[in-house]
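# A closer look at the structure
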Amino acid sequence: MRKVLAATAISLGLISQTSHALAGKDLDAVRARGSLICGVAAGGLAGFMVADSQGKWTGLDIDVCRAVAAALFGDSEKVKYVPLTGGQRFTALQSGEIDLLSNNSTWTMTRDTALGLDFTGVTYYDGQGFMVPRKLGVQSAKELNGATICVPSGSTTELNIADYFRTMKMTFKPVIIEDADQIRGAFFAGRCDVYTGDRARLYATRAANSTNPDDYVVLPEIISKEPLGPVVRHGDNQFADIVRWSQYAMIEAEEYGIASSNVDDMLKSDNPSIKRILGETPGMGRALGVDDRWVYNIVKQVGNYGEAFDRNLGAGSPLKIDRGINKLWSQGGLQYAPPIR
């Protein structure tokens, strides 16, 4: 028995020491500043990141930033948002202009290795598609030979189109534009036949930026895998862990039925997993170097993953996007979080 207790004590001591040992300059800078600097997309994207007339940002990607701030500071509003174009986003993260990039960036091997960056998880599983004016009478991407296509510069979108058209032995004329607002404007002004991007982006653009959404059709083809998620600089393991587990906490909370509306009642639960997740059983905060109530703060102030999806993209939003493969794994989807224990 003494050996078991001694081993437990050593283990707990190692957790405490490790959390301090792995802390790096990124986490130190965030804590010293007292706020998180989060990079988002210039021009915004309905459902994922959009600023209202007062400059307040909302969306699924914004909720990731808020969750990290809640875990770090106990306050989800301690975030500054920096709009970035597609060409600026990774450079801004590499240079330290921002702490965290949460703007629908696709996780690829090259980005995860050659750029000196780390993706911390998948916020939204998506795939690239095509949107066209209904008046063109096009029903399939296979009918787009010779089409003029608006594409964002410096993106996987541009590379995917080239691969798809080459494979299908078709040609296209790219109109490469850096700014998201200018791309949307060019498409709706008729400068290009096709608007392409992640399918969620197409639905969001159609709903939020067209005068009559029914005038535009999202074609059925999906030509790529687009796992979208937040990105941090490589090297600060503890900061990356906090971002990663803030995402997982939202998914884990949904799986256990912990929501912003009932989280206070859940504090009284006898379920050992729930007690551990919400900090009633101490230790999980120390493992990350944050307060034991870190998950409670995230759920209370931001909500679980299902709540965030519903209000920003799903049935509770103007977009009404079906959750599809972004359902929990237990409901046939891909969203799966390792256990908080």
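Relevant structure appears above.
Attention here is on the structure that accompanies the text. (Residues numbered from 1 in each chain as written. Predicted model: local features only at pLDDT ≥ 70, side-chain atom pairs only at ≥ 80, totals over all residues. Heavy atoms only, no water.)

### Here's the deal with the overall build of the protein chain
The helix and strand tally for the protein chain stands at 14 helices and 14 strands. Computed over its C-alpha atoms, the radius of gyration of the protein chain comes to 22 Å, within 12% of the 20 Å expected for a compact globule of 341 residues. Seen through its C-alpha atoms, the protein chain measures out along the principal axes to roughly 75 × 40 × 40 Å. For the protein chain, the residues scored as buried account for 53% of the 341 residues in total. In the protein chain, the share of contacts with a sequence separation of at least 24, taken over all contacts with a separation of at least 6, comes to 71%. Accessible surface computed for the protein chain: about 15400 Å², of which carbon and sulfur atoms make up 52%. If you average the places of the 36 positive and of the 38 negative side-chain charges in the protein chain, the two averages end up 2 Å apart. (Helix = DSSP H or I, 4+ residues; strand = E, 2+ residues; numbered from the N terminus. Rg over C-alpha atoms; globule rule 2.2 N^0.38 Å. Buried < 20%, exposed > 50% of the residue type's maximum accessible area, 1.4 Å probe, protein only. Contact = heavy atoms within 4.5 Å. Areas by Shrake-Rupley, 256 points an atom, 1.4 Å probe, with all protein chains shown as cover. Lys, Arg positive; Asp, Glu negative; His and termini not counted. Charge placed at Lys NZ, Arg CZ, Asp CG, Glu CD.)

### Things to note about the packing of helix H3 (residues 60-73) against helix H14 (residues 305-312)
Closest axis-to-axis distance for the H3/H14 pair is 9 Å, and the angle between their directions is 145 degrees. For the crossing formed where H3 meets H14, the hand is right-handed. Of the residues in H14, those in contact with Leu60, Asp63 and Arg66 of H3 are Tyr305, Ala308, Phe309, Arg311 and Asn312. Class assignment of the residues belonging to the contact of H3 with H14 gives a composition of four nonpolar, one polar and three charged. (Axes fitted to C-alpha atoms, helices over the stretch in contact; angles between N-to-C directions. Left-handed = near helix turned anticlockwise from the far one by under 90°. Nonpolar A, V, L, I, M, F, W, Y, C, P; charged D, E, K, R; others polar.)

### Observations regarding the layout of surface pockets
Counted as a void, the second largest pocket has a volume near 270 Å³. Lining the second largest pocket are 13 residues, with Thr106, Trp107, Thr108, Thr156 and Lys225 sitting closest to its centre. When residues of the lining of the second largest pocket are traced back to their parent elements, those giving at least two are helix H6 (156-167) and strand E13 (226-228). Ranked by the residues each element gives to the lining of the second largest pocket, the list is headed by H6, at four residues. A class-by-class count of the residues in the lining of the second largest pocket yields three nonpolar, six polar and four charged. (1 Å grid on protein atoms, 1.4 Å probe; cavity = no way out; pocket = protein on both sides within 12 Å on 5 of 7 lines; lining within 4 Å. Points joined across faces, edges and corners; volume = space filled by probe spheres on them.)

### A closer look at empty space enclosed by the protein
Considering all chains together, one arrives at two cavities of 30 Å³ or more under this definition. Estimated volume of the largest cavity: approximately 360 Å³. Together, 25 residues line the largest cavity, and Gly86, Arg89, Pro152, Ser155 and Arg201 are the ones closest to its centre. Elements with a contribution of two residues or more to the lining of the largest cavity: H6, helix H7 (180-188) and strand E11 (194-198).

### Side note on the side chain of Asn326
Within the secondary structure, Asn326 is located in the segment after H14. Ignoring anything within four residues of it in the chain, the contact list for Asn326 reads Thr123, Tyr124, Tyr125, Tyr305, Phe309 and Gln335.

### A short note on the state of the cysteines
Per the stated rule, a full pass over the model turns up two disulfides. Once the bonded cysteines of the protein chain are numbered in order along the sequence, the disulfide links fall as 1-2, 3-4. (Disulfide = S-S within 2.5 Å.)

### So, the packing of H3 against helix H13 (residues 294-301)
At their nearest, the axes of H3 and H13 sit 8 Å apart, and the two run at 140 degrees to each other. With respect to each other, H3 and H13 are oriented oblique. At the point where H3 passes H13, the crossing takes the right-handed sense. Packed against H3, whose contacting residues are Arg66, Ala67, Ala70 and Ala71, the element H13 presents Trp294, Asn297, Ile298 and Gln301 at the interface. Of the residues belonging to the contact of H3 with H13, the class tally is five nonpolar, two polar and one charged. (Parallel < 35°, antiparallel > 145°, perpendicular 65-115°, else oblique.)

### Observations concerning the nonpolar core
Counting residues in each nonpolar core, the largest one holds 61 residues, and the members touching the most others are Tyr124, Ile258, Leu278 and Trp294. Non-local contacts of Leu278, meaning those with residues more than four positions away in its chain, are made with Ile258, Val263, Met266, Leu267, Asp292, Arg293, Val295 and Tyr296. Core analysis: the second largest hydrophobic core is formed by 16 residues, Ala141, Ala147, Val151 and Leu219 among them. (Core = buried A, V, L, I, M, F, W, Y, C linked by side-chain atoms within 4.5 Å.)

### Considerations on the sheet that holds strand E9 (residues 147-152)
An order of E10-E9-E11-E8-E12 is seen for the five strands of this open sheet, with the pairing classed as mixed. Strands with a single pairing partner mark the edges of an open sheet, and in this sheet they are strand E10 (172-177) and strand E12 (216-218). Across the sheet, the axes of successive neighbouring strands diverge by a mean angle of 30 degrees, strand direction being ignored. As paired strands, E9 and E11 are joined by two bridges and run parallel to one another. If you follow Cys150 over to E11, its bridge partner there is Tyr195. Lying over the sheet, H7 contacts strand E8 (128-133), E9, E10, E11 and E12, oriented at roughly 165 degrees with respect to E9. (Pairing = 2+ DSSP bridges.)

### A closer look at the pattern of salt bridges
Taken as a whole and assessed by the stated rule, the structure comprises 14 salt bridges. Note that Asp63 and Arg311 form a salt bridge whose closest N and O atoms lie 2.9 Å from each other. Within this pair, whereas Asp63 is found in helix H3, its partner Arg311 is found in helix H14, the two being separated by 248 residues in sequence. Note on Asp63: relative accessible area 3%, which makes it buried. Across the pair Glu280 and Arg293 runs a salt bridge, and its minimum N-O distance is 2.5 Å. Placement of the pair is Glu280 in the loop between helix H11 (272-277) and helix H12 (284-288) and Arg293 in the loop between H12 and H13, with a sequence separation of 13 residues. One continuous salt-bridge network, built from bridges that share partners, spans Lys56, Asp63, Arg66, Glu77 and Arg311. (Salt bridge = Lys/Arg side-chain N within 4 Å of Asp/Glu carboxyl O.)

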